[in-house]
Amino acid sequence: MSHEKQTQEFDVVIVGAGLAGLYQLLKLRQLGLTAVIIEKADQVGGTWHWNRYPGARCDIPSLEYSYQFDESLQQEWNWSEKYSAQPEILEYINHVADRFELRDGIKFNEEVIKAEFDEVNSSWKIKTSASNYESRFVIFATGCLSVPNKPDFEGLENFEGQLLQTSTWPQEEQSFSGKRVAIIGTGSSAIQSIPLIAEQADQLYVFQRTPNYSIPSNNGPMDKEREKEVKERYSEFRKDNWQNGFGIAAISDESLISETDINEVHQQLEENWESAGLGFFGGYADIPLDANSNDVAANFVRNKISEIVDDPDTAKILTPDYHIGGKRLCVDTGYFETFNRENVHLINLKENPITQISSLSLDADKTYEIDTLILATGFDAMTGALTGIDIIGRDGAKLKDQWENGAKSYLGLGIANFPNLFTVTGPGSPSVLSNMLPSIEQHVNWITDCIEWMNANDKKVIESSKTAEDNWMVLVNEIADMTIFTDTKSWYNGSNIEDKAKAFLPFIGVPVYTEMLEQVVAEDYKGFIFDRVN
Ligand code: NA7
């Protein structure tokens, strides 16, 4: 008797049941195609399923970080806070899965291991941990921040206490009461969770390699007047936001620090500090572009840190010396204030790196006896989920090898040598430098329209041309070179992962990108090759 698993056939296999995969499934079904989502987790939600650490919330206002494809959905759903917390976002995603009857199209607890293009049949053969699939198209909706970075600390495997990672947080409630807790990392996840963990823990040791800039969220219950006003003109509101460089409403000022009276600038920055959150970065149009103007904004935040943090030595360690926004800007609730608590201690890893982790202790400048160790050490961003799967295209080309010296993609949607493969918010698209949800919808709509166009025009196979891809990445980098983003070590350019190619990957500028996408379509998918004959 054969033990070969039977191959299941679909028009499209989608990888990932997060916000992107769910919407993609809906759109393909509306097109009359058969599609299936393969999902590693036991439930929907993607990033919002995995990242359930205390304080996890979106730092883009929920009225913007929500689907816009269905008018009734966006009118009927009510967010309870300006910036919704992870449980509410997950509830929303579950609501969408039920409302649009998507669950029967998802295979849970299945991990994609290999995807290989069969050049004879022009189809993808996909092997998962549980089954085999064959499909004409494969769409990776695997997210930009989905593969945890777990540094290889000496002795980590010997730790016998409670070991947690923010990006794979358990579903059961975790208690820190009476415990000595160590947290490694001070990115967004740590900045959100530290104030809440500090309230519970007996002692909290924060191990920081690089300090971050963070702006107060001023979060609170949804302003009902604001909600009503937005909902009365929801589609117009979304369109207006999309005109902005980062696709976010709050960032809309076109004036320049370099051309404004410095007292006026300080007054405005004070106002933005109080209300803008992430929008602080775009409060003046030259903060992302001009090093001197950036420094004015950075100094403003540096001064805030020294005002908030009582101990000057602690304040100094918490103060970044690089361009504000060069690393992903954070938004917090009481982060810097937390360092005034007596039970919170900051350890500067730049001076004293972690040398050893033992059964219930961690060595840096001295030995810390601990009960709990939390890794808030980030992700193999933007490419990790794709290079982690054995993806094989034309002539045996392996994606992992092809991207060894830096990821390349055409528009963040297609990759040369990988026919009928699409990525949602892939490298080379605005993705993490935009409001992710509208960017996801933009890509899903584009991919769906492309497949529909192919069917209407009797095209079987699409792939990026190598030249179009090369030119695209040159453009991505030319634009980045005009900004402050390229000279800071960050996960935008792969610097957070040892041995990863250092390449800047997001396309900066939502409106320009949108125009270029539309232009590609208007010119019958310029830069793509259809039904290539070798
Ligand atoms: P981030 O922002 O990548 O933060 C990870 C943190 O972990 C950051 O402070 C890193 O320091 C630190 N880190 C990573 N590796 C190490 C080692 N080996 N030793 C010490 N410290 C280390 O990830 P988050 O999860 O906080 O946030 C990700 C995004 O989610 C966020 O930007 C939002 O978009 C939402 P480093 O800066 O590399 O020196």
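Here, every reference points to the structure presented above.
Here the structure is a predicted model, which is why all the values come from computation and not from measurement.

Caption draft 1: Quick look at the site of the ligand. Near the ligand lie 20 residues; those nearest to it are Thr 186, Ser 189, Arg 209, Thr 210 and Lys 327. Residue Gly 187 places a main-chain N or O atom 3.4 Å away from an oxygen atom belonging to the ligand. Coverage of the ligand by the protein amounts to 85% of the 780 Å² it exposes when considered alone.

Caption draft 2: Here's a closer look at a negative patch on the surface. On the surface, a cluster of negative charge is made up of Asp 152, Glu 154, Glu 157, Glu 498 and Asp 499. As for its position among the elements, Asp 499 is in the loop between helix 15 (466–481) and helix 16 (510–522).

Caption draft 3: Inspection of the pattern of salt bridges at higher detail. Following the criterion strictly, the structure yields 27 salt bridges and no others. Residues Lys 228 and Glu 232 are paired through a salt bridge, measuring 3.4 Å at the closest nitrogen-oxygen approach. Here Lys 228 and its partner Glu 232 are both found in helix 6 (residues 224–232), 4 residues apart, which amounts to about one turn of the helix. Here the salt bridges do not stand alone but share partners, grouping Arg 226, Glu 229, Arg 233, Glu 236 and Asp 240 into one network.

Caption draft 4: Expanded view of the sheet that holds strand 12 (residues 344–348). Strand order in the open sheet formed by 5 strands is 7-16-8-9-12, and the pairing between neighbours is parallel. Looking at which strands have only one partner, the edges of the open sheet turn out to be strand 7 (162–165) and strand 12. Looking at each pair of strands side by side, their axes are set apart by 20° on average, direction ignored.

Caption draft 5: Molecular detail of the side chain of Thr 260. Summarising the element assignment, Thr 260 is placed in the loop between helix 7 (234–242) and helix 8 (262–275). Among the polar contacts made by the side chain of Thr 260, one reaches the main-chain carbonyl oxygen of Leu 256 at a distance of 2.5 Å. Beyond its immediate sequence surroundings of up to four residues, Thr 260 is in contact with Val 265 and Tyr 284.

Caption draft 6: Just the packing of aromatic side chains, in detail. For the coordinates displayed, the defined rule picks out 37 aromatic pairs. On the numbers, 5.3 Å between centres and 55° between planes, the contact of Phe 69 with Phe 100 is tilted. Taken together, the residues Phe 69 in the loop between helix 2 (47–50) and helix 3 (71–76) and Phe 100 in the loop between helix 4 (86–99) and strand 3 (106–107) connect sequence positions 31 residues apart. Judged by relative accessible area, Phe 69 falls into the partly exposed class, the value being 24%. Taken together through their ring pairs, the aromatic side chains of Tyr 410, Trp 446, Trp 453, Trp 472, Phe 507, Tyr 513, Tyr 525, Phe 528 and Phe 530 make up a single cluster.

Caption draft 7: Representation of the sheet that holds strand 13 (residues 356–358) in the model. Strand order in this open sheet of 3 strands is 13-14-15, and the pairing throughout is antiparallel. For this open sheet the edge positions go to strand 13 and strand 15 (367–369), each flanked by a neighbour on one side alone. Between one strand and the next, the sheet's axes are offset by a mean angle of 15°, whatever the strand orientation. Sheet topology note: the strand 13/strand 14 (residues 361–363) ladder contains 3 bridges and is antiparallel. Pairing of Ser 358 across the sheet is with Ser 361, part of strand 14.

Caption draft 8: Region of the structure containing the packing of helix 8 against helix 9 (residues 291–308). Running from N to C, helix 8 and helix 9 cross one another at 60°; their axes reach a closest spacing of 11 Å. When the interaxial angle is binned, helix 8 and helix 9 end up oblique. For the crossing formed where helix 8 meets helix 9, the hand is right-handed. Between helix 8 and helix 9, the residues in contact are Ile 262, Val 265, His 266, Leu 269, Glu 270 and Trp 273 and Val 296, Ala 297, Phe 300, Val 301, Lys 304 and Ile 308, respectively. Of the residues assigned to the contact of helix 8 with helix 9, the class counts are 9 nonpolar, 1 polar and 2 charged.

Caption draft 9: Spotlight on the environment of Val 44. Residue position: Val 44 is located in the loop between strand 2 (35–38) and helix 2. Distance in space between the C-alpha atoms of Val 44 and Val 265 is 44 Å, their sequence separation being 221 residues. Ignoring anything within four residues of it in the chain, the contact list for Val 44 reads Ala 17, Leu 22, His 49, Leu 90, Ile 93, Asn 94, Ala 97, Arg 103, Ile 106 and Phe 108.

Criteria and thresholds
- Residues numbered from 1 in each chain as written.
- Predicted model: local features only at pLDDT ≥ 70, side-chain atom pairs only at ≥ 80, totals over all residues.
- Heavy atoms only, no water.
- Near = heavy atom within 4 Å.
- Polar contact = N/O pair within 3.5 Å; in protein donor to acceptor, adjacent residues only side chain to side chain.
- Areas by Shrake-Rupley, 256 points an atom, 1.4 Å probe, with all protein chains shown as cover.
- Patch = residues over 30% accessible without salt bridge, like charges linked within 9 Å, V, L, I, M, F, W, Y side chains within 5 Å.
- Salt bridge = Lys/Arg side-chain N within 4 Å of Asp/Glu carboxyl O.
- Lys, Arg positive; Asp, Glu negative; His and termini not counted.
- Charge placed at Lys NZ, Arg CZ, Asp CG, Glu CD.
- Helix = DSSP H or I, 4+ residues; strand = E, 2+ residues; numbered from the N terminus.
- Pairing = 2+ DSSP bridges.
- Axes fitted to C-alpha atoms, helices over the stretch in contact; angles between N-to-C directions.
- Contact = heavy atoms within 4.5 Å.
- Phe/Tyr/Trp six-rings, centres within 6.5 Å; stacked < 30°, edge-to-face > 60°.
- Buried < 20%, exposed > 50% of the residue type's maximum accessible area, 1.4 Å probe, protein only.
- Parallel < 35°, antiparallel > 145°, perpendicular 65-115°, else oblique.
- Left-handed = near helix turned anticlockwise from the far one by under 90°.
- Nonpolar A, V, L, I, M, F, W, Y, C, P; charged D, E, K, R; others polar.

These figures capture arrangement, not role.
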